[in-house]
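# Structural description and commentary
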Amino acid sequence: MNKSTHSSAPAQDKLAAVRRVSPSALRNREPLLKALRDELPPSGLVLEIASGSGEHGVYMAQNLPEIDWAPSDPDREVHGATSSWIAQHKLPNLRPLLDLATTDAQWAQNALAALARAPDALVCINMIHIAPWPACEGLFAGAAELLGENGLLFLYGPFAQGGVLAPSNEAFDQWLKNQDPNWGVRALEDVCGVAAGNGFDLAKTIPMPANNTSVVFIREAGAP
Ligand SMILES: C[S@@+](CC[C@H](N)C(=O)[O-])C[C@H]1O[C@@H](n2cnc3c(N)ncnc32)[C@H](O)[C@@H]1O
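Remember, predicted model here, so these are calculated numbers, not experimental data.

### Here we look at helix 5 (residues 107-115)
- Considered for burial, the residues of helix 5 that qualify are Trp107, Ala108, Ala111 and Leu115. For helix 5, the angular spread of the buried residues around the axis is 100°, confining them to a single face.
- Check the buried side of helix 5 and you find it contacts strand 1 (44-49), strand 2 (67-71), strand 3 (121-125) and helix 6 (133-146).
- One or two steps after helix 5, the chain reaches Ala116, where phi turns positive at roughly 65°.

Have a look at this one:
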């Protein structure tokens, strides 16, 4: 058979057609892998919030074999396709996709029930600016329920810092607000305020390509 005309199973083609694919995930996965390798504990369970296409989860599970990676996202339109795509990789350290929205007051308890243990770290890439502010508040409130002392919350995205917004992020902010007035590039100081209110300290900011920033929060010792 001519290899170039050989097509894969039709069902798989159909899934690929509806699967969400993120060009930005392809661009940022390598710098994110480096930052995560440096910041995450060497082994343990990581819960990813807002996994979207699931591409980061697959890539991190492939490259961080000592980490158990649990992806989640609330977008039910692409759940089936993303779940199937994740399952196709048959990675022993990549868990099935969970349906979690940080605006759901029960999300942390639902995660705990599904994972059967508390995660050691949370990772949230490109969510808090493409969601209303309560999504950020809910993220930290749930993280406080899930993470013990020194537990780590890793955020990635564009931020305003000290009142300064890079020109590319200013344009992005305007674009976001045109999509939904409740979306927008967040001020790191506001995010740190929510973090502090939930017992998290800002441990580190890591400049990333394209005016993005990775932000590491650590659960304070003795936080309720
Ligand atoms: C821009 S995508 C980012 C996807 C992926 N992390 C990436 O960087 O490619 C934003 C994702 O946030 C998810 N999302 C929106 N609101 C959310 C919430 N309150 N809790 C969890 N995820 C949410 C959406 O379903 C969407 O998949």
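Next comes the rest of the write-up.
### Digging into the pattern of salt bridges
- In total, this model carries six salt bridges according to the counting rule given.
- The salt bridge partner of Arg95 is Asp68, with a shortest N-O separation of 3.5 Å. Of this pair, Arg95 sits in the loop between helix 4 (79-88) and helix 5 while Asp68 is found in strand 2, placing the two residues 27 residues apart along the sequence.
- For Asp68, a relative accessible area of 26% gives the class partly exposed.

### Section: the environment of Ala135
- Within the secondary structure layout, Ala135 lies in helix 6.
- Judged by its relative accessible area of 4%, Ala135 falls in the buried class.
- Along the chain, Ala135 and Leu98 lie 37 residues apart, while their C-alpha atoms are 17 Å from each other.
- If we ignore the near neighbours within four places in the chain, the residues touching Ala135 are Thr102, Thr103 and Met127.

### Notes on the nonpolar core
- Counting 34 residues, the largest nonpolar core has Leu47, Ile49, Phe140, Leu155, Phe200 and Phe217 as its most contacted members.
- Secondary structure elements with two or more residues in this core: strand 1, helix 5, strand 3, helix 6, strand 4 (152-157), helix 8 (188-197) and strand 8 (212-219).
- The leading source of residues in this core is helix 6, at seven residues.
- With 27 residues, the next largest nonpolar core counts Leu33, Ile86, Leu97 and Leu152 among its residues.

### Re the sheet that holds strand 4
- One open sheet accounts for six strands, arranged 2-1-3-4-8-7; its pairing is mixed. On the outer flanks of this sheet lie strand 2 and strand 7 (200-208), each paired with one strand and no other. Strand-to-strand twist across the sheet, computed as the mean angle between neighbouring axes with direction ignored, equals 20°.
- Running at roughly 170° to strand 2, helix 3 (residues 55-63) makes contact with strand 1, strand 2 and strand 3 of the sheet.
- Lying over the sheet, helix 5 contacts strand 1, strand 2 and strand 3, oriented at roughly 135° with respect to strand 1.

### Some remarks on helix 8
- Buried within helix 8 are the following residues: Leu188, Val191, Val194 and Ala195. One side of helix 8 carries all its buried residues, which in axial view fall inside an arc of 120°.
- Contacts from the buried residues of helix 8 go to helix 6, strand 4, strand 5 (159-160), strand 6 (186-187), strand 7 and strand 8.
- Once helix 8 ends, the next one or two residues include Gly199, with phi positive near 80°.

### Digging into the packing of aromatic side chains
- Applying the stated criterion across every chain, the model contains three aromatic pairs.
- Look at Phe140 and Phe200: their rings are 5.8 Å apart centre to centre, the planes differ by 70°, and that puts the pair in the edge-to-face class. In this pair, Phe140 sits in helix 6 while Phe200 sits in strand 7, placing the two residues 60 residues apart along the sequence. For the pair formed by Phe140 and Phe200, the shared burial category is buried.
- Measuring from ring centre to ring centre gives 6.1 Å for Phe172 and Trp175, while their planes differ by 15°; the resulting arrangement is stacked.

### Re the site of the ligand
- The immediate surroundings of the ligand are formed by 20 residues, with Arg20, Ala50, Asp73, Thr102 and Ile125 found nearest.
- Within the side chain of Asp73, one N or O atom sits 2.7 Å away from an oxygen atom of the ligand.
- Ile125 is positioned such that a nitrogen or oxygen atom in its backbone is 2.8 Å from a nitrogen atom of the ligand.
- With the chains in place, 84% of the 590 Å² that the ligand exposes on its own is no longer accessible.
- Most atoms of the ligand, that is more than half of them, are within 2 Å of grid points of the largest pocket.
- When the residues that make up the shell around the ligand are grouped by side-chain class, the tally is 10 nonpolar, seven polar and three charged.

About the thresholds
- Residues numbered from 1 in each chain as written.
- Predicted model: local features only at pLDDT ≥ 70, side-chain atom pairs only at ≥ 80, totals over all residues.
- Heavy atoms only, no water.
- Buried < 20%, exposed > 50% of the residue type's maximum accessible area, 1.4 Å probe, protein only.
- Helix = DSSP H or I, 4+ residues; strand = E, 2+ residues; numbered from the N terminus.
- Arc of directions from axis to C-beta.
- Contact = heavy atoms within 4.5 Å.
- Salt bridge = Lys/Arg side-chain N within 4 Å of Asp/Glu carboxyl O.
- Core = buried A, V, L, I, M, F, W, Y, C linked by side-chain atoms within 4.5 Å.
- Pairing = 2+ DSSP bridges.
- Axes fitted to C-alpha atoms, helices over the stretch in contact; angles between N-to-C directions.
- Phe/Tyr/Trp six-rings, centres within 6.5 Å; stacked < 30°, edge-to-face > 60°.
- Near = heavy atom within 4 Å.
- Polar contact = N/O pair within 3.5 Å; in protein donor to acceptor, adjacent residues only side chain to side chain.
- Areas by Shrake-Rupley, 256 points an atom, 1.4 Å probe, with all protein chains shown as cover.
- 1 Å grid on protein atoms, 1.4 Å probe; cavity = no way out; pocket = protein on both sides within 12 Å on 5 of 7 lines; lining within 4 Å.
- Sits in = over half its atoms within 2 Å of the grid points.
- Nonpolar A, V, L, I, M, F, W, Y, C, P; charged D, E, K, R; others polar.

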